[in-house]
Every structure is written in C-alpha cells, then in structure tokens.
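Structure at a glance
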Amino acid sequence: MVFVEADMDGRLLEILCCPITRRPLLPLGADVLVRVNKAIAGGGVRNHGGVELQEPLTEALVTSEGDLVYPLVDGIPVLLEEACINWAAYNH
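Values in this document were obtained by computation on a predicted structure and should not be read as measured data. (Residues numbered from 1 in each chain as written. Predicted model: local features only at pLDDT ≥ 70, side-chain atom pairs only at ≥ 80, totals over all residues. Heavy atoms only, no water.)

**Remarks on the side chain of Thr63**
This is how the line gets drawn: Numbering of helices and strands runs from the N terminus, with a helix taken as a DSSP run of H or I at least four residues long and a strand as a DSSP run of E at least two residues long. Under the scheme applied here, a residue whose accessible area is under 20% of the maximum for its type counts as buried, over 50% as exposed, and between as partly exposed, the area being computed with a 1.4 Å probe on protein chains only. The contact criterion used throughout is that any non-hydrogen atoms of two residues lie within 4.5 Å.
With respect to the secondary-structure elements, Thr63 resides in strand 2 (residues 60–63). Residue class for Thr63 comes out buried when judged on its relative accessible area of 0%. For Thr63, the residues in contact, after removing those within four places along its chain, are Cys18, Thr21, Arg23, Pro24, Leu25 and Leu68.

**Focus: the environment of Tyr90**
Structurally, the position occupied by Tyr90 is in helix 3 (residues 87–90). With 45 residues separating them along the chain, Tyr90 and Val45 place their C-alpha atoms 7.5 Å apart. Those residues in contact with Tyr90 that sit more than four places away from it in its chain are Gly44, Val45, Arg46 and Ile85.

**Remarks on the environment of Glu14**
Position of Glu14 among the secondary structure elements: in helix 1 (residues 10–15). It is 8.6 Å that separates the C-alpha atoms of Glu14 and Leu26, two residues lying 12 residues apart in sequence.

**A short note on the nonpolar core**
The line we're drawing: What makes a nonpolar core is a set of buried Ala, Val, Leu, Ile, Met, Phe, Trp, Tyr and Cys residues whose side-chain atoms join them at distances within 4.5 Å.
Judged by nonpolar contacts, the single largest core of 13 residues is most densely connected at Leu28, Val36, Ile40, Leu57, Val69 and Ile85. Elements with a contribution of two residues or more to this core: helix 2 (30–42) and strand 2. Broken down by element, the residue count for this core peaks at four residues, all from helix 2. Counting residues in each nonpolar core, the second largest holds nine residues, with Leu16, Leu61, Leu68 and Tyr70 among its members.

**Some points on the pairing of strand 3 (residues 68–73)**
Put simply, the rule reads: Pairing between strands is defined by DSSP: at least two bridges between them are needed.
For strand 3, a buried count of five out of six residues is recorded, marking the element as mostly surrounded by other parts of the structure. The pairing of strand 3 with strand 5 (residues 85–86) spans two bridges and is antiparallel. When the bridges of strand 5 are listed, Leu68 appears paired with Asn86. In terms of strand pairing, strand 3 meets strand 4 (residues 76–77) through two bridges, oriented antiparallel. Paired with Val73 across the two strands is Ile76, which belongs to strand 4. Linkage of strand 3 to strand 4, two consecutive antiparallel strands, is achieved through a turn of two residues, within which Asp74 is found at a positive phi near 55°.

**Quick look at the confidence of the model for the protein**
Caution is warranted with low-pLDDT regions, since their predicted coordinates should not be read in detail. Note the threshold: The quantity known as pLDDT measures the predictor's confidence residue by residue, on a range of 0 to 100.
Model confidence for the protein is summarised by a mean pLDDT of 88, while 88% of its residues fall at 70 or above. Confidence over residues 1–7 falls short of pLDDT 50; this stretch has 15 contacts with residues more than four positions distant or in other chains.

**Points about the pattern of salt bridges**
In plain terms, the rule: Here, a salt bridge means any Lys or Arg side-chain nitrogen found within 4 Å of an Asp or Glu carboxyl oxygen.
According to the stated counting rule, one finds two salt bridges in the structure shown. The residue Asp67 makes a salt bridge to Arg23 at a minimum N-O spacing of 2.6 Å. Linking Asp67 in the loop between strand 2 and strand 3 with Arg23 in the loop between helix 1 and strand 1 (25–27), this pair joins segments that are 44 residues apart in sequence.

Structural data, given as structure tokens:
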C-alpha cells in the first residue's frame, strides 16, 4: 500500500489515531483513493453510520492496516466512527 503526504501538519498526523481501533492513521495513497472513489461511484458503499456515499473523497486517512478509511473535508479529518468506511469490506 502506498501512502502520500497529507497537507496537514506532520506532528498532528503523528498523534492522530483511529477512534475504533486506536491504530495510527496515515494519508491514503492516490492509487487507493482512486479505487475507493470508483467503488463509491459504483454504488453501495456505506459508512459506519449506514449512509450510502454519493460524493467522491478528495482526501482521506487510513488505518495502518489499510482497512478503515476516514474522509478529510477541507483538509480536516472527520474522525467519527459513523463517518469511516470499512474499506476491507469493499476491497476484494
């Protein structure tokens, strides 16, 4: 899995963790972001809150294991359990 630098402060990124697993979060790589957005465009991708996603993600963070994806909105991470995508369920 390839990760890219986020536009956020590196020190902030060092302290962020997944609110569910407590694992570190890393910027989601562009190649994986393309796959996530392709799955969203195909329909049926839901976040933990049960809401089907309609809009592509512009940026995201992912757990160190690559299974949970958290969107960034205007560069701000949305670290709410209901906002994350269980990417492992869609990434076969």
